[in-house]
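These are the residues of each chain, in order.
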Amino acid sequence: MDPISLLHEPSLSGFGEVAPPVFQNSLFAFATSAEFEAAMKSGEKPVYTRISNPTVRAFEKKVAALEGAEDALAFASGNAAMTAVLFTFLKSGDRVVAATPVYAGTYGTLTKLLPKFGVGVDFVPGTDTAALQAALPGARMLLLESPTSYTFELQDLDPLTKSAREHGVLSVIDNTYGAGVYLRPLRFGVDLVVHSATKYFSGHSDVVAGAVTGSKNLLDEVRSLGTVFLGAKLAPWEAWLLVRGLRTLQLRLQRHEATALELARYLDSHPKVKRVLHPGLSGHPQNGLAKKYLEGTGGLFSIELKDEKAARAFSDALNLFAIGVSWGGHESLVLPLASQPRVREAYGFPPGLVRLFAGLEPAEALKQDLEQALAATA
Ligand SMILES: Cc1ncc(COP(=O)(O)O)c(C=O)c1O
């Protein structure tokens, strides 16, 4: 990560502004047809906001710097970013190898949208490196997400991207968890990195957005097919909020990480908690992979309680953790997977699984809230 580029960017207006102006316009007009054609050809000057906009570009440049990538593209949501990648690089007859459990929205795209266009998907457990490698010959794309966002298993990126390259398979990772701070997948040979910018990049639960980073060549393809024709480009105001969010990304993540680790350790020793699924705990089955690939662990983790009744009672009894699907904002959240039956059944998650997100509230207050909620749970 380049922390300076998260804080600073060149002035767009020439007035030396320290925060970018919001270019809240759809169109950039030209005096002559020659200027217009030159702008269309070079792509350096904005022409139309569905293709490029200076405020959006300021956000894209920060995301590229964060991931150490040649370029980045911003989208109207994380799902739009993933869909743009899938539609750019896949065609009828292709096969995707997806490491499970993938995020539910991606799972929906893979199982409901892609089959309509003749693209097949092999779902393979993300912890089974040999099985993933065995599925690669003849595939077009390897889809990773590490750690996964419900049960926090990691995938062994080095051997997987090496095999993908050997078989001419494009590797794509959802790096929403690592946010370019705790995981920088391009270092481990991944070709394209996808983000839900809705989460940590925004940090304030006030934006829905996505991004893709990678080499200029690959992103030029995504730009010309996935951005221009699918059309789910990020809007300027959202980009402005994201530029602001990114300035505190590193600070916020440090706090999320410290609080989540403190809560996870506390819960790990609680008699009513069967299991804590946090990759930073030494007892986590992939703690070795976490040490190899992650530079930190963020605010999201899960616990397993006795059964569905306990999971619901615990979630309802919490006061500082609101029940909600998203994460990455300032506020603590809880998600009993029992109330997400499609996800739970697709992956066979245990009925007592509960996902927690440690927000920016004081750790001690959150711990006390967990304690009272567990006391109220049979
Ligand atoms: C891991 C992960 N990837 C992708 C997404 C999709 O992002 P968005 O909701 O911005 O479309 C989410 C959203 O919850 C997510 O948690």
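Here the residue numbering is sequential within each chain, running from 1 through the sequence in written order. Under the rules for a predicted model, residues below a pLDDT of 70 receive no local features and side-chain atom pairs below 80 are neither given nor counted, while totals for whole chains, interfaces and linings still include all residues. Excluding hydrogens and water, the side-chain figures rest on all heavy atoms present in the structure.

### Quick notes on the sheet that holds strand β3 (residues 120-125)
So, point 1. Read across the sheet, 7 strands follow the order β1-β7-β6-β5-β4-β2-β3 without closing on themselves; strand pairing throughout is mixed. Looking at which strands have only one partner, the edges of the open sheet turn out to be β1 (71-75) and β3. Sheet twist, expressed as the mean angle between neighbouring strand axes with direction ignored, is 20°.
So, point 2. For two strands to be treated as a pair, DSSP must find at least two bridges joining them. By definition, any uninterrupted DSSP run of H or I lasting at least four residues is a helix, any uninterrupted run of E lasting at least two residues is a strand, and each is numbered from the N terminus. Direction of pairing for β1 relative to strand β7 (residues 210-214): antiparallel, over a ladder of 5 bridges. Its bridge partner being in β7, Leu73 is matched across the sheet by Val212.
So, point 3. In this analysis, two residues are considered to be in contact whenever any of their non-hydrogen atoms come within 4.5 Å of each other. Axis definition: a line fitted to C-alpha atoms, over the contacting stretch in the case of helices. Angles run 0 to 180 degrees between N-to-C directions. Along the sheet face, helix α3 (residues 54-67) touches β1, β6 (192-196) and β7 and points at about 130° away from the line of β1.

### Some details on the pairing of β1
So, point 1. A simple rule labels every residue: compare its accessible area, found with a 1.4 Å probe on the protein chains alone, to the largest value its type can have, and call it buried under 20%, exposed over 50%, or partly exposed in between. Burial analysis of β1 places 5 of its 5 residues in the buried class, which makes it a mostly covered element.
So, point 2. Side chains of β1 alternate between two faces, with Asp71, Leu73 and Phe75 and Ala72 and Ala74 buried alike.

### So, the packing of aromatic side chains
So, point 1. Each Phe, Tyr or Trp ring (for Trp, its six-membered ring) is paired with any other whose centre lies within 6.5 Å, and the angle between the two planes then decides the class: stacked below 30 degrees, edge-to-face above 60, tilted in between. If you walk through the whole model with that rule in mind, you get 14 aromatic pairs.
So, point 2. Seen from their ring centres, Phe87 and Phe117 are 5.3 Å apart, and the 75° between their planes marks the pair as edge-to-face. With Phe87 in helix α4 (residues 78-89) and Phe117 in the loop between α5 (104-113) and β3, the pair connects residues that are 30 residues apart, well separated along the chain.
So, point 3. Taking the relative accessible area as the measure of exposure, Phe117 reaches 45% and is therefore partly exposed.
So, point 4. Ring geometry for Tyr200 and Trp327: centres 5.2 Å apart, planes at 80°, overall edge-to-face. Of this pair, Tyr200 sits in the loop between β6 and β7 while Trp327 sits in the loop between β10 (322-323) and β11 (333-336), and the two are 127 residues apart along the sequence. For the pair shown, Tyr200 and Trp327 are each scored as buried.

### What about the domain arrangement of the protein?
For interface size, the figure often reported is the accessible area lost on association.
So, point 1. Domain ranges listed in this record stem from an automatic or a database domain assignment. Annotation of the protein at the domain level lists domain 1 (3-247) and domain 2 (249-375).
So, point 2. Computed from C-alpha coordinates alone, the two centres of domain 1 and domain 2 are separated by 27 Å.
So, point 3. By definition, the buried area sums, over both parts, the 1.4 Å-probe accessible area that each loses when the two are put together. A buried area of about 3400 Å², summed over both sides, lies between domain 1 and domain 2, and 63% of it is on carbon and sulfur atoms.
So, point 4. Three residues stand out in domain 1 for area buried against domain 2, namely Tyr150, Tyr182 and Tyr200, and they jointly supply 27% of the buried area on that side.
So, point 5. One speaks of a salt bridge when a side-chain nitrogen belonging to Lys or Arg is within 4 Å of a carboxyl oxygen belonging to Asp or Glu. Applying the counting rule to domain 1 against domain 2 returns 3 salt bridges.
So, point 6. Pairing of N or O atoms within 3.5 Å defines a polar contact, subject to two protein rules: one partner must be a possible hydrogen donor and the other a possible acceptor, and residues neighboring in sequence count only if both atoms are side-chain atoms. Counting across the domain 1 and domain 2 interface gives 21 residue pairs in polar contact (both at pLDDT 80 or more).

### Thoughts on the pairing of strand β9 (residues 300-304)
So, point 1. The buried count for β9 comes to 5 of 5 residues, which makes it a mostly enclosed element.
So, point 2. Taking every second residue as pointing to the same face, both faces of β9 are buried, with Leu300, Ser302 and Glu304 on one and Phe301 and Ile303 on the other.
So, point 3. Here strand β8 (residues 275-277) pairs with β9 via 3 bridges, running antiparallel. The residue bridging Arg275 from the neighbouring strand is Glu304, located in β9.
So, point 4. Across 5 bridges, the pairing between β9 and strand β12 (residues 353-357) is antiparallel. Paired with Glu304 across the strands is Leu353, a residue of β12.

### Some words on the site of the ligand
So, point 1. Residues are counted as near a molecule or strand when any one of their heavy atoms sits within 4 Å of it. Taken together, 13 residues surround the ligand, and among them Gly78, Asn79, Asp174, Thr198 and Lys199 come closest.
So, point 2. Tyr103 has a polar side-chain atom sitting 3.4 Å from an oxygen atom of the ligand.
So, point 3. Against a free-state accessible area of 390 Å², the protein chains account for coverage of 89% of the ligand. The method behind every accessible area is Shrake-Rupley, applied with a 1.4 Å probe, and residues are considered shielded solely by the protein chains displayed.

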